[in-house]
Amino acid sequence: KQTFQYDQTVDQWFCCDCQAQKIVKYSPFNSISYKKYSPDDPEAYAEIDKIKSCLSNCKLMSNKVMNTQNFGFDRRPLAVFSNNIDGMSQNFDTLLTKLSMLQNQFDLLALTETNINESHKNLYKIPGYTSIFNSKYPNKHKGSGLGIYINEGFTGNIINSLTMICPDIETLFVEISCKGQNFNFGVVYRPPSGNLKTFNHLLENVFNNLSNKTNHSIVCGDFNVNLIKNDCNKMNFENVFYGNCFIPTISLPTHEKPGCDPSCIDNIFVSQI
């Protein structure tokens, strides 16, 4: 017997067996569409359509498919890599191996949970990149520390006013320059043991300061807030980035482990699409 389920957000019926196998995506705007005779501003709906398209086009790629993509320095679009490395000493060689399997170089690499201090960054050099690190939290041996690798074709300077580390949030921001164009790039980590309300407050301050700058901004990292789980934690987190005109670009689960539902806790936020 075949059963079907109606999804009111897209006004379609789906086979229940197919739905059970379907990968859940973060799609907060699927139910919003412009009505011809609506008094609302059509430009606002055009922006929402851009966001919907960005999130719906998010997909998993194998190394083979990645090698068909035309990205890297002096090409468009900008190519950003974000990863929770879970310890440089344990996993740096694996990272180098993964990167070496790709034919193109990323423009920027952002790492969370490096578990090292800034003074040790020269032990972890990547050919073709310069690096900027923010040390792990004092006396914390695991689950702390940030790093950014910048393609040598770019110039990067740390933004000290937006770089911080405390039990509730870790941030590292740089201003990137290339061929007369500037933009801000940051990596953020939220320790799961930290206070989420404090994290949201501090992240909002960061976003506010970034929005005061004229440059385009990109903020990525491990936020440890699941965007595909409907709860107040997600809603409060959403209010911070949407309220400051930042848009998530990842809608697929980024974290899976046995016995747990897949979660979308890592993301790359942009101030422009």
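Residues numbered from 1 in each chain as written. Predicted model: local features only at pLDDT ≥ 70, side-chain atom pairs only at ≥ 80, totals over all residues. Heavy atoms only, no water.

Once that is clear, we can look at the side chain of E113. Along the chain, the position of E113 falls in the loop between β4 (108–112) and β5 (129–134). Buried within the structure, E113 lacks any salt-bridge partner; its nearest side chain of opposite charge belongs to K142, at an N-O separation of 4.7 Å. With sequence-adjacent residues up to four places away left out, E113 is seen in contact with N84, I85, D86, G87, G143, S144, G145, Y189 and D222. (Helix = DSSP H or I, 4+ residues; strand = E, 2+ residues; numbered from the N terminus. Buried < 20%, exposed > 50% of the residue type's maximum accessible area, 1.4 Å probe, protein only. Lys, Arg positive; Asp, Glu negative; His and termini not counted. Salt bridge = Lys/Arg side-chain N within 4 Å of Asp/Glu carboxyl O. Contact = heavy atoms within 4.5 Å.)

All right, on to the environment of N30 then. Counting through the fold element by element, N30 comes out in the loop between α1 (16–21) and α2 (42–56). Looking at N30, the relative accessible area reads 31%, which means it is partly exposed.

Here we come to unusual backbone geometry. For D86, which is not glycine, the phi dihedral falls at a positive 55°. Counting through the fold element by element, D86 comes out in the loop between β3 (80–84) and α4 (88–100). Phi is positive for E113, close to 50°, though the residue is something other than glycine.

Here we take up helix α6 (residues 232–243). Compared with the 16 Å implied by 1.5 Å per residue over twelve residues, the 16 Å span of α6 between its first and last C-alpha is a close match. Taken residue by residue, α6 has K234, F237, E238, V240 and F241 as its buried positions. Angularly, the buried residues of α6 cover 160° about the axis, an arc narrow enough to put them on a single face. Relative to its buried face, α6 has exposed residues pointing more than 90 degrees away, namely M235, N239 and G243. Capping of α6 at its N-terminal end is provided by D231; its side-chain oxygen lies 3.3 Å from the backbone amide nitrogen of N233. A positive phi of about 60° marks C245, the residue just after α6. (Expected span 1.5 Å × (residues − 1). Arc of directions from axis to C-beta. Polar contact = N/O pair within 3.5 Å; in protein donor to acceptor, adjacent residues only side chain to side chain.)

What follows deals with the sheet that holds β5. Taken together, four strands build an open sheet; the order of strands is β3-β4-β6-β5 and the sheet is mixed. Across the chains shown, the open sheet's two edge strands, defined by having one partner strand only, are β3 and β5. On average, each strand axis in the sheet is inclined to that of its neighbour by 15°, with strand direction left out of account. Bridge count for β3 against β4 is five bridges, and the pairing is parallel. The residue bridging F81 from the neighbouring strand is L109, located in β4. Along the sheet face, α4 touches β3, β4, β5 and β6 (146–151) and points at about 155° away from the line of β4. (Pairing = 2+ DSSP bridges. Axes fitted to C-alpha atoms, helices over the stretch in contact; angles between N-to-C directions.)

Within the largest apolar cluster, 53 residues are counted, with the highest numbers of intra-cluster contacts made by F185, V219 and F237. Top element by residues in this core is helix α5 (residues 196–211). It accounts for seven residues. Here F237 is in contact with F199, N200, L203, F223, V225, L227 and F269, once residues within four sequence places are set aside. (Core = buried A, V, L, I, M, F, W, Y, C linked by side-chain atoms within 4.5 Å.)

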